[in-house]
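Reading the structure
Spelled out, the chains give:
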Amino acid sequence: MGRRLCHSLNRADVRTYTREYTAYATYNGRTPEAQYEHDHAEGMSGFIIWVNSMVVMFKRDHPEAFVGNSIHDHDLKQAYFEVKP
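Let me sum up the structure you'll find in this document. (Residues numbered from 1 in each chain as written. Predicted model: local features only at pLDDT ≥ 70, side-chain atom pairs only at ≥ 80, totals over all residues. Heavy atoms only, no water.)

Attention shifts here to the pattern of salt bridges. With the rule as written, the count across this model stands at three salt bridges. The shortest N-O distance in the salt bridge between Glu82 and Arg19 comes to 3.5 Å. Residue Glu82 is located in helix H4 (residues 74-83), and its partner Arg19 is located in helix H1 (residues 19-27); the two are separated by 63 residues in the primary sequence. For Glu82, a relative accessible area of 45% corresponds to the partly exposed category. Residue Arg19 is classed as partly exposed on the basis of its relative accessible area, which comes to 47%. Its salt-bridge partner being Glu20, residue Lys77 comes within 2.5 Å of it at the nearest N-O pair. Remark: Glu20 occurs in helix H1 and Lys77 occurs in helix H4; sequence separation between them is 57 residues. The exposure classification of Lys77 matches that of Glu20, with both residues buried. (Salt bridge = Lys/Arg side-chain N within 4 Å of Asp/Glu carboxyl O. Helix = DSSP H or I, 4+ residues; strand = E, 2+ residues; numbered from the N terminus. Buried < 20%, exposed > 50% of the residue type's maximum accessible area, 1.4 Å probe, protein only.)

This is how it looks when you write it as structure tokens:
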């Protein structure tokens, strides 16, 4: 099972979000909370498409960050996700 986009910390339904999901929400001009509500209603397909396209662009721009098809430099990937328009 893969990483979840967010997880509940307690019964009050306080969520924390992955850095990738936060970058995706920012890209869409939303807070992570607002993006989650939007995506939940839409089936989360937007995030899946966005993150996959970002990985393709990242590999094109930074092949040195990969070993085969696996990302080796996660810090560089995260910085790339956070600033890419």
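The subject of this paragraph is the side chain of Glu20. With a relative accessible area of 9%, Glu20 lands in the buried category. Side chain to side chain, Glu20 and Lys77 meet in a polar contact 2.5 Å long. (Polar contact = N/O pair within 3.5 Å; in protein donor to acceptor, adjacent residues only side chain to side chain.)

Before going further, it helps to examine the packing of aromatic side chains. One pass over the full model with this rule turns up eleven aromatic pairs. Members of the aromatic cluster, each reached through a chain of ring pairs, are Tyr17, Tyr21, Tyr24, Tyr27, Tyr36, Phe47, Trp50 and Phe81. For the cation-ring pair, Lys59 lies above Phe66, with the distance from its terminal atom to the ring centre recorded as 5.3 Å. (Phe/Tyr/Trp six-rings, centres within 6.5 Å; stacked < 30°, edge-to-face > 60°. Lys NZ or Arg CZ within 6 Å of the ring centre and 35° of its normal.)

Time to look at unusual backbone geometry. The phi torsion of most residues other than glycine is negative, and most of the peptide bonds are trans. The backbone phi angle of Met44 is positive, close to 70°, even though this residue is not glycine. Tracing the backbone through its elements, the reader meets Met44 in the loop between helix H2 (32-42) and helix H3 (45-61). The buried category is assigned to Met44, whose relative accessible area is 17%.

In a regular helix each residue adds 1.5 Å, so 17 residues correspond to 24 Å; H3 covers 24 Å between its end C-alpha atoms and thus fits that length. Taken together, the buried positions of H3 are occupied by Phe47, Trp50, Val51, Met54 and Phe58. End-on view of H3: buried residues confined to an arc of 95°, all on one side of the axis. For H3, exposure combined with an orientation more than 90 degrees from the buried face picks out Ile49, Val56 and Arg60. Looking at the buried residues of H3, the elements they touch are H1, H2, strand S3 (66-67), strand S4 (70-71) and H4. (Expected span 1.5 Å × (residues − 1). Arc of directions from axis to C-beta. Contact = heavy atoms within 4.5 Å.)

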